[in-house]
Every structure is written in C-alpha cells, then in structure tokens.
Amino acid sequence: MGNMGIKFDFNNMMSDFIGDKGIKEDDIQALKGKIESAHKAMIEKRALGKMDWRDLPYNQNEIVEDIINYVNSVKDDFEAFVVLGIGGSALGPMAVQQAINSPYYNELPREKRNGFPKLYVMDNVDPEKLSYFFDMIDVTKCLFNCISKSGSTSETMSQFMIIKEMLSEKLSKEEAAKHIVCTTDKVNGNLIKIAKEEGYKTFIIPSGVGGRFSELTPVGLLPAAMCGIDIRKMLEGAAYMDEICKNDDIYKNPAYMYAVLSYIAMNKGRNIAVMMPYADSLKLISDWFAQLWAESLGKKFDNEHNEIFAGQTPVKALGVTDQHSQVQLYTEGPFDKMIVLLGVEKFRRTMDIPAIYGDIPSLGFLGGVTQNRLIQTEQMATEYALYKAGKMSLTITLPEVNEFTLGELLYMFEVATGFAGELLNINAFDQPGVEEGKNATYAMFGRPGYDEKKKELDARPEKKDKYIIK
Ligand code: PA5
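Scoring rules and cut-offs
Residues numbered from 1 in each chain as written. Predicted model: local features only at pLDDT ≥ 70, side-chain atom pairs only at ≥ 80, totals over all residues. Heavy atoms only, no water. Helix = DSSP H or I, 4+ residues; strand = E, 2+ residues; numbered from the N terminus. Buried < 20%, exposed > 50% of the residue type's maximum accessible area, 1.4 Å probe, protein only. Pairing = 2+ DSSP bridges. Axes fitted to C-alpha atoms, helices over the stretch in contact; angles between N-to-C directions. Contact = heavy atoms within 4.5 Å. Left-handed = near helix turned anticlockwise from the far one by under 90°. Nonpolar A, V, L, I, M, F, W, Y, C, P; charged D, E, K, R; others polar. Salt bridge = Lys/Arg side-chain N within 4 Å of Asp/Glu carboxyl O. Phe/Tyr/Trp six-rings, centres within 6.5 Å; stacked < 30°, edge-to-face > 60°. Near = heavy atom within 4 Å. Polar contact = N/O pair within 3.5 Å; in protein donor to acceptor, adjacent residues only side chain to side chain. Areas by Shrake-Rupley, 256 points an atom, 1.4 Å probe, with all protein chains shown as cover. Domains from an automatic or database assignment. Buried area = accessible area lost by both parts, 1.4 Å probe.

Q: Even after reading the chapter, I still don't get unusual backbone geometry, so can you show me in this structure?
A: The general pattern is negative phi for most residues beyond glycine and trans for most peptide bonds. Backbone torsion omega between Gly319 and Val320 reads 0°, so that peptide bond is classified as cis. Residue placement: Val320 occurs in the loop between strand E10 (313–316) and helix H14 (327–332). Phi at His305 is positive, roughly 65°, even though this residue is not glycine. By secondary structure assignment, the location of His305 is in the loop between strand E8 (299–301) and strand E9 (307–310). What makes His305 exposed here is its relative accessible area of 56%. Even without glycine at this site, Phe309 takes up a positive phi of about 50°. With respect to the helices and strands, Phe309 occurs in strand E9.

Q: I would appreciate a short explanation of the sheet that holds strand E4 (residues 142–148) in the present structure.
A: Strand pairing within a sheet occurs via backbone hydrogen bonds; the two strands may be parallel or antiparallel. Strand order in the open sheet formed by five strands is E3-E2-E4-E5-E6, with parallel pairing between adjacent strands. Looking along the sheet, the strands with just one partner apiece sit at the ends: strand E3 (118–122) and strand E6 (201–204). Going from strand to strand, the sheet's axes swing by 20° on average, the running direction of each strand aside. Bridge count between strand E5 (residues 180–184) and E6: four bridges; the pairing is parallel. Following the sheet pairing, Cys182 is matched in E6 by Thr202. Against the sheet, helix H10 (residues 218–226) contacts strand E2 (80–84), E3, E4, E5 and E6, and its axis sits at roughly 165° relative to E4.

Q: Hey, could you run me through the sheet that holds strand E11 (residues 337–344) in this one?
A: Pairing in this open sheet of five strands is mixed, and the strands run E1-E12-E11-E7-E10 from one edge to the other. Sheet topology places strand E1 (7–9) and E10 at the edges, where each strand pairs with a single neighbour. Strand-to-strand twist in this sheet, taken as the mean axis angle between neighbours without regard to direction, amounts to 20°. Relative to strand E12 (residues 392–398), E1 is paired through three bridges, and the arrangement is antiparallel. Across the sheet, Phe8 pairs through a bridge with Ile396, a residue of E12. Sheet strands touched by helix H16 (residues 371–388): E11 and E12. Its angle to E11, the strand with the most contacts, is close to 160°.

Q: Even after reading the chapter, I still don't get the packing of helix H5 (residues 91–100) against helix H17 (residues 403–424), so can you show me in this structure?
A: Two quantities define a packed helix pair, namely the angle between the axes and the distance from one axis to the other. Axis separation between H5 and H17 bottoms out at 10 Å; the angle between their running directions is 145°. Every pair of crossing elements has a handedness; the one defined by H5 and H17 is right-handed. Residues Val96, Ala99 and Ile100 of H5 form the contact with H17, whose participating residues are Glu403, Leu406 and Leu410. Class assignment of the residues belonging to the contact of H5 with H17 gives a composition of five nonpolar, no polar and one charged.

Q: When you look at the pattern of salt bridges in this model, what are you seeing that I'm missing?
A: Pairs can form between side chains of opposite charge whenever their charged atoms are close. The final tally for this structure, using the stated rule, is 24 salt bridges. Put simply, Asp242 and Arg54 hold a salt bridge, and the shortest N to O gap is 2.9 Å. Here Asp242 is found in helix H11 (residues 231–245), whereas its partner Arg54 is found in the loop between helix H3 (32–47) and helix H4 (61–74), with 188 residues between them in sequence. Taking relative accessible area as the criterion, Arg54 reaches 3% and is therefore assigned buried.

Q: Explain the packing of aromatic side chains to me, please; I cannot follow it from the model alone.
A: Aromatic rings considered in pairs are described by the distance between their centres and by the relative angle of their planes. With the rule as written, the count across this model stands at 20 aromatic pairs. Between Tyr258 and Phe289 the ring centres are 6.1 Å apart and the planes differ by 90°, which places this aromatic pair in the edge-to-face class. Taken together, the residues span a long stretch of sequence, with Tyr258 in helix H12 (residues 254–267) and Phe289 in helix H13 (residues 283–297) at a distance of 31 residues. Here Tyr258 and Phe289 have matching classes, each one buried.

Q: How do you make sense of the site of the ligand when you look at a structure like this?
A: Around the ligand sit 14 residues in total, of which Ser89, Ser148, Ser150, Thr153 and Gln291 are the nearest. Within the side chain of Thr153, an N or O atom sits 2.5 Å from an oxygen atom of the ligand. Residue Gln291 places a side-chain N or O atom 2.5 Å away from an oxygen atom belonging to the ligand. Burial of the ligand by the protein chains amounts to 91% of its free accessible area of 380 Å². When the residues that make up the shell around the ligand are grouped by side-chain class, the tally is one nonpolar, nine polar and four charged.

Q: Please clarify how the domain arrangement of the protein should be interpreted in this entry.
A: Interfaces are frequently sized by the accessible area removed from exposure as the parts join. Partitioning the protein into domains gives domain 1 (2–30 + 235–424) and domain 2 (54–229). Each side of the interface is counted separately: domain 1 has 30 residues, and domain 2 has 22 residues. When domain 1 packs against domain 2, the two sides together hide about 2200 Å² of surface, and 62% of this comes from carbon and sulfur. The largest share of the area that domain 1 buries against domain 2 comes from Leu235, Leu284 and Gln291, three residues that together contribute 27% of it. Taken together, the connections running from domain 1 to domain 2 amount to two salt bridges. Where domain 1 meets domain 2, there are 11 residue pairs in polar contact (both at pLDDT 80 or more).

Quick look at the structure:
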C-alpha cells in the first residue's frame with residue numbers, strides 16, 4: 001500500500017518538551033481505568049448498533065454502486081450539482097470537494113473537470129446568496145440534491161421549496177422531478193414522503209447515523225462522486241483507519257490519543273482547540289471538525305444528568321495565513337488553547353520560486369526554493385514558536401491529500417470524538433442545545449404544535465431600551 005498512513009505527533013503536548021504547562025506521562029497513566037472503560041464502551045456500543053457510523057466503511061457496496069451508476073447516468077445532463085443542506089448535511093461535502101479537487105474547480109472548463117458538473121452548496125438561508133445564485137445560473141441546468149436526515153430542517157426545506165417552485169414554473173412535472181435528488185432518512189420526516197409522492201430519486205441516510213457523522217453515507221458520497229471523487233478509496237481509507245482505531249493501546253491509536261490528550265488539556269483549562277491546516281485544501285476540514293467536536297462534546301449534562309457544562313471550543317485557522325493574524329495570540333496569549341497543526345508531506349503540485357534578487361538578502365534566500373518548502377518550513381517554525389512559548393500543540397501529517405488519506409482523517413476524528421464523549425461521560429450523539437433554537441424558531445413562526453413553546457418565549461423579559469444604543 002506504500003506510505004498511506006497519517007502521522008500523529010504529540011511531542012509538543014508533553015511536559016518533556018513544553019515544560020510544566022504540558023501533559024505528563026503520569027496524567028495519562030492516571031486515566032488508565034477511564035480509558036479502559038471508554039474502550040469497552042466503544043466496543044459494546046458498536047456491537048449493539050449504537051455507533052452505526054463505524055460500519056460505513058464496510059457495508060455500503062450496493063449503495064456505492066447505486067451512487068456511481070446514478071452519477072454516470074445523469075452527470076452529462078447538468079451544468080451544476082447543487083447541494084441544499086446544512087450542518088452535517090453540508091460541511092462534509094464542502095470539505096471533501098475542497099480537499100480533493102482544484103480550488104478553481106467550478107471555473108475550469110468541463111473537460112478539465114473530467115466531464116463532471118460544477119458543485120455549489122447552499123447551506124445558509126441568506127436571501128442574498130440564493131438570489132444572487134439565480135442571477136448566475138439557469139436552474140433548469142442544475143441537479144439539486146436536497147440533503148436532510150430529519151427531512152424537516154427549516155433552512156434546507158425552505159431552499160427546497162423555492163427551488164421546487166422555480167422548477168415547476170419552468171418545466172413539466174416529469175421533467176422537474178429529474179432535477180431533484182433527495183438524501184434523507186428511510187421513513188422519518190417530510191422529505192422522504194415528498195420524494196416518494198413526487199417521484200424523486202432518493203438515497204438513504206442510515207437511521208443510526210447522525211448528521212455530523214454522516215459524511216461517509218450518501219450525504220457525502222453522492223456529491224463527491226458527482227465531482228469525480230473516488231468514493232471507494234475514501235471508504236478504503238476509513239476502513240484502514242478503523243483497524244488502527246480498534247487498538248486498545250492509546251500509544252498506537254491516534255484517535256484515542258487525540259481524545260485523551262484533549263480531555264487532559266480541557267481539565268488543565270485548555271478550553272479552546274485550534275485547528276490550523278497548512279494546506280488550503282484542508283481549510284474546510286476545520287469547519288467540518290468544528291461542528292463534530294462542538295456539537296458532540298458541548299453538553300450541559302453528563303450521562304447521570306449532573307450539570308457539567310462540558311466542551312472545548314473549536315477555532316478555525318489556516319496556515320500560513322493566520323500566522324499574520326492569530327498566531328501572535330496563540331504564542332503570547334493565555335494558556336487556554338491547544339493547537340492542532342494539520343500538515344501535508346507531499347503536495348500534489350510544486351511551485352518553484354525563481355532565483356532572482358540574489359543581491360537582496362531578505363529576498364535572495366527564497367530564490368531557487370519551492371513554495372512547498374516555504375509553507376512546510378513555516379509550519380515547523382510555528383510549531384517551534386509554540387513550543388518555545390510553552391503552548392500545547394500537536395501535528396497531524398498526511399502523506400498527501402487524496403481520497404484514501406482523507407477517509408482516514410475523517411474517520412480518525414470521528415472515533416476521537418466518540419471516545420472523547422466516553423471519557424467525558426456524555427452523550428456525544430445528541431444535540432439538545434440545537435433543538436432548543438430550532439423549536440424557538442418554529443414557535444416564533446406560530447407553527448402548529450408549538451403553542452407551549454410560544455408561551456414560554458412570550459414570558460421572557462422585555463428588552464430594556466437603556467441597554468440598546470441607537
Ligand atoms: O449533526 C447534526 O445532527 C446537525 O448538525 C444536522 O446535521 C443539521 O442540523 C442538519 O440536519 P438535517 O440533516 O436533519 O437537515
């Protein structure tokens with residue numbers, strides 16, 4: 001298989017390197033019992049079907065075939081593939097597309113996209129974004145993929161309703177139906193019912209897989225395949241990482257170690273986790289990870305319903321860009337964060353810097369080297385600066401960014417999140433805090449069935465004018 005493995009280097013989390021602000025081997029040893037129980041819980045939950053996302057690398061042969069056949073049958077008919085989805089139904093598709101394809105994918109002529117359509121993701125409900133989109137594209141040339149596990153998310157369904165209406169104004173019912181493909185739950189929610197009634201092609205999100213763990217279901221696989229991404233390789237990478245993640249020795253299991261180090265870091269007041277990829281292709285991995293980590297671990301109650309207010313705030317950064325923005329804070333600011341540097345060993349392209357200005361020392365040293373070397377050197381330099389400042393950091397290196405290593409990376413973070421949930425003794429798979437906001441929206445709109453919530457909202461204190469500056 002060659003060197004396809006991800007490297008997980010946590011030297012700079014440890015007190016051997018960064019001094020007394022770091023983690024001691026004893027801190028890890030002290031968690032031995034907790035780690036063993038968490039490992040046992042991971043095995044038990046998987047066996048009981050409570051972690052169905054862990055089986056996705058293995059049980060999707062037919063689904064993958066269906067996706068690929070569908071892609072081949074429709075890809076030539078459309079100029080653009082447009083995802084309508086939000087949160088776990090949008091972040092993965094965006095991150096994978098950015099990681100694998102050209103950053104200018106949509107601007108490339110079709111033959112340079114290997115004949116695949118352009119990709120757009122409409123996640124927010126910003127009216128300007130959607131409206132400007134319609135200025136730019138003819139909806140009758142688009143295939144819309146409405147993705148919603150619950151089939152009732154207002155943001156996504158509002159986009160869907162707008163699109164559906166536009167298509168029916170321009171096309172016959174039969175033709176319009178060919179422009180919509182749904183990805184949703186097999187039985188629950190409105191979307192599956194609508195899809196059946198209106199005859200849309202549908203892909204199913206397995207019921208036991210929650211939104212933020214769904215990238216390796218048709219949620220992520222269909223948009224990826226539609227952009228020519230090798231989804232079988234992604235799943236192979238995830239399966240490869242799954243084998244590694246079965247190891248109960250945390251020194252051989254990067255996902256477990258990530259969770260353990262983060263857990264200790266949180267207990268030492270590192271309430272912020274910065275993810276800083278040193279590759280534009282991995283920039284949106286930070287967004288995807290931010291949702292996974294924040295929504296899974298940010299919990300008020302533990303499993304025994306004690307108030308614990310758990311969580312670690314994910315912050316998104318980009319190397320080297322944020323060296324000129326946030327790194328000052330990371331090195332000299334408070335000891336409240338751990339920094340995760342995501343690096344790449346081999347970039348897919350090389351960019352030589354010409355050997356000019358040799359007579360200007362501050363430029364001459366750059367001449368004749370590559371931007372590849374420059375970005376990697378700057379990453380090492382940031383790692384050094386953080387180390388010198390006694391700040392916790394760890395470095396995850398991909399041999400190169402491809403479908404296989406991406407599958408590994410996504411899966412590793414998913415296992416890390418599940419394992420961190422076990423260490424924190426919380427339910428990493430629900431999101432009651434998100435539900436509250438959703439329900440409040442419904443109540444404000446006067447949606448039937450939300451009268452009690454409306455009363456609760458109406459009983460909140462009036463805002464005081466003296467606290468509003470106009
Ligand atoms: O992780 C989650 O469950 C959420 O972020 C969902 O992905 C998000 O709310 C979208 O939900 P749905 O796919 O049901 O439309």
